[in-house]
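One letter stands for each residue in the lines below.
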Amino acid sequence: MASMHRPHLAIVDIRLKGGTDGVSAAREIQETLGIPVILTTAYTDQETRAATIEPYGFIPKPWSEEDLLRTVQAVLARVAVERLTPGLDTATASAPASA
């Protein structure tokens, strides 16, 4: 579905119905299609495994509309910075030290 619609970002639950694992789906969306992924789950034991794909964001369930909006805004801002400054790794970049 992501390859057909090309969204600006994808929000993926770690546990999907059917045979697809959400972490695997998120990895494919992010790595193959270049679409940033926000992961969500109610199962905190899955957070460590989810971190292995380095998602752009993570929202533990239950989340509020404000949590969702804040996370989506942060991810879209990060993507905008990355597109303006190729080669910058915003996931590991640190803020400049103050004088």
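Within each chain, residue numbers correspond to sequence positions counted from 1 in written order. This being a predicted model, a pLDDT of at least 70 is required before a residue's local features are given, and a value of 80 or more before pairs of side-chain atoms are given or counted; all residues contribute to the totals for chains, interfaces and linings. As a convention, hydrogens and water are excluded, and side-chain values are obtained from all of the structure's heavy atoms.

Some words on the overall build of the protein
Each helix is a run of DSSP H or I of at least 4 residues and each strand a run of E of at least 2, with the numbering of both proceeding from the N terminus. Summing up its helical and strand segments, the protein has 4 helices and 3 strands in all. When its helices and strands are written in sequence order, the protein yields α-β-α-β-α-β-α. Between two residues, a contact is recorded if the distance between any of their heavy atoms is within 4.5 Å. Counted over contacts in the protein with a minimum sequence separation of 6, partners at least 24 positions apart contribute 50%. We get accessible surface area from the Shrake-Rupley algorithm with a probe of 1.4 Å; when it comes to residues, only the shown protein chains can shield them. Carbon and sulfur atoms form 56% of the exposed surface of the protein, whose accessible area is close to 6800 Å².

Here's the deal with the nonpolar core
Counting residues in hydrophobic clusters, the biggest one holds 11 residues: Ala10, Val12, Ile14, Val23, Ala26, Ile29, Ile35, Val37, Leu39, Ala50 and Ile53. At the level of elements, β1 (10-13), α2 (22-33) and β2 (37-41) are the ones that each hand at least two residues to this core. Residue contacts for alanine 26: discarding those within four places in its chain leaves Val12, Val37, Leu39 and Ile53. Residues belong to one nonpolar core when they are buried, are Ala, Val, Leu, Ile, Met, Phe, Trp, Tyr or Cys, and are joined through side-chain atoms within 4.5 Å. For each residue, the accessible area found with a 1.4 Å probe, counting protein chains only, is set against the maximum for its type, and the residue is called buried under 20%, exposed over 50%, and partly exposed in between.

Quick notes on the packing of aromatic side chains
Only centres within 6.5 Å qualify two rings of Phe, Tyr or Trp (six-membered ring in Trp) as a pair; their planes then separate them into stacked at under 30 degrees, edge-to-face at over 60, and tilted for everything else. Counting across every chain of the model gives 0 aromatic pairs. The positively charged end of arginine 15 is found above the aromatic ring belonging to tyrosine 43, 3.7 Å away from the centroid. Counted as over-ring charges are cases with an Arg CZ or a Lys NZ within 6 Å of the ring centre that also lie within 35 degrees of the ring normal.

Here we look at α2
Every helix has an expected span of 1.5 Å times one less than the residues it contains. Given a rise of 1.5 Å per residue, 12 residues ought to cover 16 Å, and the 15 Å separating the end C-alpha atoms of α2 matches this to within 8%. Those residues of α2 that sit buried are Gly22, Val23, Ala25, Ala26, Ile29 and Gln30. Down the axis of α2, the buried side of the element spans an arc of 165 degrees, and every buried residue falls inside it. Summarising the geometry of α2, the exposed residues directed more than 90 degrees from the buried face are Glu28, Glu31 and Thr32. One or two steps after α2, the chain reaches glycine 34, where phi turns positive at roughly 70 degrees. The directions considered for the arc run from the helix axis to the C-beta atoms.

Structural notes on the side chain of aspartate 13
Structurally, aspartate 13 can be placed in strand β1. Using a relative accessible area of 18% as the deciding quantity, one classes aspartate 13 as buried. Reaching out from aspartate 13, the side chain makes a polar contact with the backbone nitrogen of arginine 15 at a distance of 3.0 Å. At 2.3 Å, the side chain of aspartate 13 and the side chain of lysine 61 are in polar contact. Any pair of nitrogen or oxygen atoms within 3.5 Å is treated as a polar contact; in protein, a donor-acceptor pairing is required on top of that, and neighbouring residues in sequence qualify only through side-chain atoms on both sides.

Section: the side chain of threonine 71
In this fold, threonine 71 is placed in helix α4 (residues 65-84). Residue class for threonine 71 comes out buried when judged on its relative accessible area of 17%. Dropping the residues within four chain positions of it, threonine 71 is found in contact with Ile38, Gly57 and Ile59.

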